[in-house]
Amino acid sequence: MRIATYNVNGVNGRLPVLLRWLEETKPDVACLQELKAPDEKFPLQAIQDAGYNAIWHGQKSWNGVAILTRGLEIQEVGRALPGDPEDLHSRYIEAVVNGIHIGCLYLPNGNPAPGPKFDYKLAWFERLRQHAAGLYSLKQPVVLCGDYNVMPQEIDVYKPERWVNDALFRPETRAAFQELLEQGWTDALRKLYPEEVIYTFWDYFRDAYGRNAGLRIDHFLLNQAMEKRLVTAGVDRHVRGWEKTSDHGPVWIEITDK
DNA sequence: ATGCCGTGGAAACCACGA
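Residues numbered from 1 in each chain as written. Chains lettered and ligands numbered in written order. Predicted model: local features only at pLDDT ≥ 70, side-chain atom pairs only at ≥ 80, totals over all residues.

K.L.:
Before we move on, can you summarise the overall build of chain A with the specific residues and values?
P.N.:
Along chain A, the regular secondary structure elements total six helices and 14 strands. The C-alpha radius of gyration of chain A comes to 17 Å, within 12% of the 18 Å expected for a compact globule of 258 residues. By its C-alpha atoms, chain A is 45 × 40 × 40 Å across when sized along the principal axes. Of the contacts made within chain A by residues no fewer than 6 positions apart, 67% connect residues no fewer than 24 positions apart. (Helix = DSSP H or I, 4+ residues; strand = E, 2+ residues; numbered from the N terminus. Rg over C-alpha atoms; globule rule 2.2 N^0.38 Å. Contact = placed C-beta atoms within 7 Å.)

K.L.:
Quick rundown of the protein's contact with DNA strand B? Include the residues and the values.
P.N.:
Neighbouring residues of DNA strand B: 26 residues in total, closest Gly10, Gly13, Lys36, Asn109 and Asn111. Per-class residue counts for the surface near DNA strand B are nine nonpolar, nine polar and eight charged. (Near = placed C-beta within 6 Å. Nonpolar A, V, L, I, M, F, W, Y, C, P; charged D, E, K, R; others polar.)

K.L.:
Talk me through the sheet that holds strand S6 (residues 92–97); I want residue IDs and the actual numbers.
P.N.:
Within a beta sheet, neighbouring strands are joined by backbone hydrogen bonds and run either parallel or antiparallel to one another. Read from one edge of the open sheet, six strands run S5-S6-S7-S8-S12-S9, paired in mixed fashion. With partners counted over all chains shown, the strands left at the sheet margins are strand S5 (75–79) and strand S9 (186–187), one partner each. Strands strand S7 (100–106) and strand S8 (142–147) of the sheet are contacted by helix H3 (residues 116–136), whose axis makes an angle of about 150° with S8. (Pairing = 2+ DSSP bridges. Axes fitted to C-alpha atoms, helices over the stretch in contact; angles between N-to-C directions.)

K.L.:
Give a detailed account of unusual backbone geometry, specifying residues and quantitative values.
P.N.:
For the peptide bond that leads from Asn111 to Pro112, omega is -5°, which places it in the cis range. Summarising the element assignment, Pro112 is placed in the loop between S7 and H3. Omega for the bond connecting Ala113 with Pro114 falls within 30 degrees of zero, at 0°, which places this linkage in the cis form. Within the secondary structure, Pro114 is located in the loop between S7 and H3. One non-glycine residue, Asn149, adopts positive backbone phi at about 50°. Counting through the fold element by element, Asn149 comes out in the loop between S8 and helix H4 (171–181). Phi at Lys244 is positive, roughly 55°, even though this residue is not glycine.

K.L.:
I'd like a rundown of the nonpolar core, residues and numbers included.
P.N.:
In this structure, Cys31, Leu32, Ile67, Val143 and Phe220 are the most contacted members of the largest nonpolar core, which totals 68 residues. Those residues within four positions of Ile67 in sequence are excluded, and the remaining contacts are Val29, Cys31, Ala54, Ile55, Ile74, Ile93, Ala95, Ile102 and Cys104. (Core = buried A, V, L, I, M, F, W, Y, C linked by C-beta atoms within 7 Å. Buried ≥ 20, exposed ≤ 12 C-beta atoms within 10 Å, placed from the backbone.)

K.L.:
Outline helix H1 (residues 15–25), supporting the account with residue identities and numerical values.
P.N.:
Of all the positions in H1, only Val17, Leu18, Trp21 and Leu22 are classed as buried. For H1, the buried positions fall inside an angular range of 130° around the axis, keeping them on one side. Among the exposed residues of H1, those oriented more than 90 degrees off its buried face are Glu23 and Glu24. Summarising the contacts, the buried residues of H1 are in contact with strand S2 (29–33). Once H1 finishes, Lys26 follows within two positions and takes phi at roughly 45°, a positive value. (Arc of directions from axis to C-beta.)

K.L.:
Quick one: what's the story with the sheet that holds S2, residue by residue and with numbers?
P.N.:
Overall, mixed pairing links the six strands, which are arranged S3-S4-S2-S1-S14-S13 in an open sheet. In this open sheet, the two edge strands, each paired with only one partner strand, are strand S3 (53–57) and strand S13 (230–235). This sheet shows a mean twist of 15° between the axes of neighbouring strands, independent of strand direction. Both strand S1 (residues 2–7) and strand S14 (residues 251–255) contribute to a ladder of four bridges, which runs antiparallel. Bridging across to S14, Ala4 finds its partner in Trp252.

K.L.:
So what's going on with the packing of H3 against H4? Which residues, and what values?
P.N.:
Put simply, H3 and H4 touch, their axes get as near as 10 Å, and they point 5° apart. What the angle tells us is that H3 and H4 run roughly parallel. In this structure, H3 uses Leu122, Phe125, Leu128, Arg129 and Ala132 to contact H4, whose residues at the interface are Glu172, Ala176, Glu179 and Leu180. In terms of residue class, the contact of H3 with H4 is made up of six nonpolar, no polar and three charged. (Parallel < 35°, antiparallel > 145°, perpendicular 65-115°, else oblique.)

K.L.:
Hey, could you go over the environment of Ile198 for me, with residue numbers and the actual values?
P.N.:
Structurally, Ile198 is set in the loop between helix H5 (188–192) and strand S10 (201–202). In this structure Ile198 comes out as partly exposed when scored by C-beta crowding, with 17 C-beta atoms within 10 Å. Here Ile198 is in contact with Leu189, Tyr193, Arg216 and Val235, once residues within four sequence places are set aside.

K.L.:
Any chance you could break down the pairing of strand S12 (residues 218–222) for me, citing the residues and the numbers?
P.N.:
Burial runs high along S12: five of the five residues are buried. Here S12 shows two buried faces, one formed by Asp218, Phe220 and Leu222 and the other by His219 and Leu221. Both S8 and S12 contribute to a ladder of five bridges, which runs antiparallel. Its bridge partner lying in S12, Gly146 is registered against His219. Sheet analysis places S9 next to S12, joined by two bridges and oriented antiparallel.

Nothing here speaks to function; it is geometry throughout.
If you want it as structure tokens, here you go:
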């Protein structure tokens, strides 16, 4: 079974790319971020025609998350992180598919830092940690995946020295990610490839993709029951080379069926 | 060191992204 996460950077603007990728790689589950569309403009018909069911949590212009499944039943179990009723950003949706708990998240960017946006990022991170603690302790397998907007270590940045003051790489941000991991979560790609340079994002500027000037910011965290089923993982980096593509590449894990 | 590119939405520019 394949589970993927993909920050599409506009689900309607990138629809041909999304459909081409679904057709080519046929993930059983696809978690999407940055829909940039309100609920009523989610392209459900095209996604159904491609053979997928979907749940989504949209928002006008910004953010937005969705979970797609290839013929599998989706039981939605939550949307929006608990802990702040004033937070109206659509950044989280959670479902159970085939007995697997799947949280799909789009963590705030946080720039410029310091400032209110960075404060919001850290506060969102804290709410995620609180929610994740409960998820981690479940006996069922749990996947917490998406765009974390964090490079966990220097190896995850093409030029770490240029990013030390950026909201994605500041000490507070990396510490927050580390605290999350300390609940017991496994960073699936880093676990499988401890020494590899792996990127999931390449800026549109200055031919960042051609120069492989990338960042690893899209992650799969697995609880113990899920880690036992982990077989392999990867990044569909060639998708980043397509016309009219997102600045992120899709990331995926392959797990045993039971 | 940087929004140089790109999206969405409103208004013919601006907010936002990483």
